Amino acid sequence: MINLDTTFPKRTAYTSPEREKTVLYQEIHYQWEWDLQSTPEDLWPLVADTNRFDRDSGTPALQILNKDSSSNANLKVRFSKYGFPFEYEQDAFEWTYPRRFGVTRKYTKGVMSALRIQADLEPRAGGGTHLTYQVWATPANILGVLGIPFQIGLIFRRTFGASFLKYDRMVNTGQTTLSTFGKPRLAPGGRARLLTYQNNLLNSGSDPALVTRLIETLEQADDLVASRLRPYELADYWQADRKAVLDLFLRATRAGLLNFRWDILCPLCRTPKSTTAELSTLKPEVHCESCHIDFTANFERSVELTFRPNEAIRVAPALEFCIGGPQNTPHVVYQKLLNAGETTTFPITLEPGRYRLRAMDLSGGQFLYVEPHGVAALDLQPGPDGWPNDEPRLALSPTLTVTNPLDHPHLYLLERMAWSDQSVLAAEVIILQQFRDLFSREALRPGEQISVGSLAVVFTDLRDSTRLYRQIGDAPAFGRVMEHFDLLKQAVAEQNGSIVKTIGDAVMAVFRTPTEAMRAMLSAQIALDNTFKGLLSLKTGIHFGPAIAVTLNERLDYFGTTVNFASRLEKFSEGKDIILSETVYNDPEIQEFLKANGDLFMSEPVTAQLKGFDEKIQLWRVRRG
Ligand SMILES: [Zn+2]
């Protein structure tokens, strides 16, 4: 390990805003270097997670002073150290993945007037990384002149080095941020509750191996992990089935181990901007202070279900130590403030896929497609009418030249377009039967409506139930009808759908995909045949399209043209068949399903006149052969 410590004093003029007089203090520069075993790509997620790094290196937690401000001002932050209050305003972080990041802060309170840091990760010839960390600090007063060499030159130099070496070790031993154990604090009586709830979970039939992992996580996980638990992320890390882990988290919430909440993600920076414990208090209109935009939340992309330990078990405060660092927005691979007219040229390493270069406060962006045979260099800038509409092909390690032609400074960002698929999105969780059963009171505020994206909507009805009541009498017939609801509910739940409501003998159910709806209806029909031996049969119709979630009769419900249309299809069913809308029939997955099971099904077109629809409509009847 090299541990160079060089200082280059330089004179900087500083105007104190309070006293309106110019004082001169020497800017102090530190440069430290380390040789690490891991590659820059592997180190980046830890080293550029400045929130974690600052916490690990002994920076106190921050208080953000203007988080809810809708102004374009930079973030203002307060913290205290050695009993002194510090306040700073921070420019946007600048970075190029996985090689460099830095930030500048102007202090308005405390012993410094300015602080700038820059980290460079250079690949070493024999493998590994040469990491250079530089700090430029300008004292604001004599306390700063005395304090900076102590706090930065001695203490931070040591703790920063310890953090980098720890991250290097973590990468080398295959650990991730999810495997870091902090110094967790269990609540008074927390351990006893944990044991009781653990037994309740095991008795309710949850997978013992997953229960053990969850308990371990609650007992030991780092606060940064425990304060925002994401079931799919943990499932991937545990190499477990995602649905099973989500199922466990929902049960554990019901059992009192966890609390859940709905995080509203900004569509641009994808960070949580607002959080609510219940759907009934969710306000879909949200502002993002980092992106300077107002947006409306929707369930298919921007509302994520996350969990944290119940406070009666574990204390896991969601503290912030650094804001706006590169790992807050890991899909952004490059970010830099360009002054009016400024041009910058930089090399970058990209993964194949779609990217977008955009500028803050400017709509749209330049789309780019990265692939091995793309061009090696490109000049990019917005025109007078905005960004061009083309999508040039770009090589994996290109050199980009970006110009800001505007007469104001703008932050330019290059971002990967693929969304993290580790979010449990509201649209998918609210249609789980299990979610509806466990949290039947979770519903939107009356009058509120929110887009859920496209769903498969199913309506069913019983054929011959009137005859059944006549034949076997009211009480036995009612028992049979109830039994049919149970069979149907089970078939729906097995395909990740849920029953939204029942109207007499009729049922409305929703699914994420047409195929899940189709599979559920087939297995329900087969179960009914086996149980009722022809006494009752199930008429059913399926449509797929966009819908809106609302609250009706204190329960989550769906409405829109898709639902109206779907509700009219079951009338054309004869029982033991399924009526598909043209959209469902033409769905590629449904076509594949029908082809693969060609010997089991017959499909025939049905031309129908639907109530409330002017033109005749083409439907498809799928019959079990
Ligand atoms: Zn944002």
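Quick note: structure is the one above.
Residues numbered from 1 in each chain as written. Predicted model: local features only at pLDDT ≥ 70, side-chain atom pairs only at ≥ 80, totals over all residues.

I tried to follow the sheet that holds strand β12 (residues 272-276) on my own but got confused; where do I start?
Within a sheet, each strand pairs with its neighbour through backbone hydrogen bonds, oriented either parallel or antiparallel. Strands sit in the order β12-β11-β15 across an open sheet of three strands; the sheet is antiparallel. Only two strands of the sheet have a single neighbouring strand rather than two, namely β12 and β15 (303-309). Going from strand to strand, the sheet's axes swing by 35 degrees on average, the running direction of each strand aside. With four bridges connecting them, strand β11 (residues 258-265) and β12 associate as antiparallel partners. Following the sheet pairing, W262 is matched in β12 by T276. Across the face of the sheet, helix α8 (residues 242-255) comes into contact with β11 and β15 while running at roughly 120 degrees to β11. (Pairing = 2+ DSSP bridges. Helix = DSSP H or I, 4+ residues; strand = E, 2+ residues; numbered from the N terminus. Axes fitted to C-alpha atoms, helices over the stretch in contact; angles between N-to-C directions. Contact = placed C-beta atoms within 7 Å.)

Can you walk me through unusual backbone geometry in this structure?
What is expected of a backbone is that most residues other than glycine have negative phi and most peptide bonds are trans. Y97 connects to P98 through a cis peptide bond whose omega is -10 degrees. One non-glycine residue, D361, lies in positive phi territory at about 70 degrees. With respect to the element layout, D361 can be found in the loop between β19 (353-359) and β20 (366-380). Not every positive phi belongs to a glycine, and N496 is a case in point at roughly 60 degrees.

Looking at this structure, how should I read the pairing of strand β8 (residues 112-123)?
Note: strand β7 (residues 100-109) against β8, seven bridges, orientation antiparallel. Within β8, the position partnered with K106 by the bridge is A114. Hairpin connection of β7 to β8: two residues between the antiparallel strands, including G110 at a positive phi of 115 degrees. Sheet analysis places β8 next to strand β9 (residues 129-139), joined by 11 bridges and oriented antiparallel. Paired with R116 across the bridge in β9 is W136. Linkage of β8 to β9, two consecutive antiparallel strands, is achieved through a turn of five residues, within which G127 is found at a positive phi near 105 degrees.

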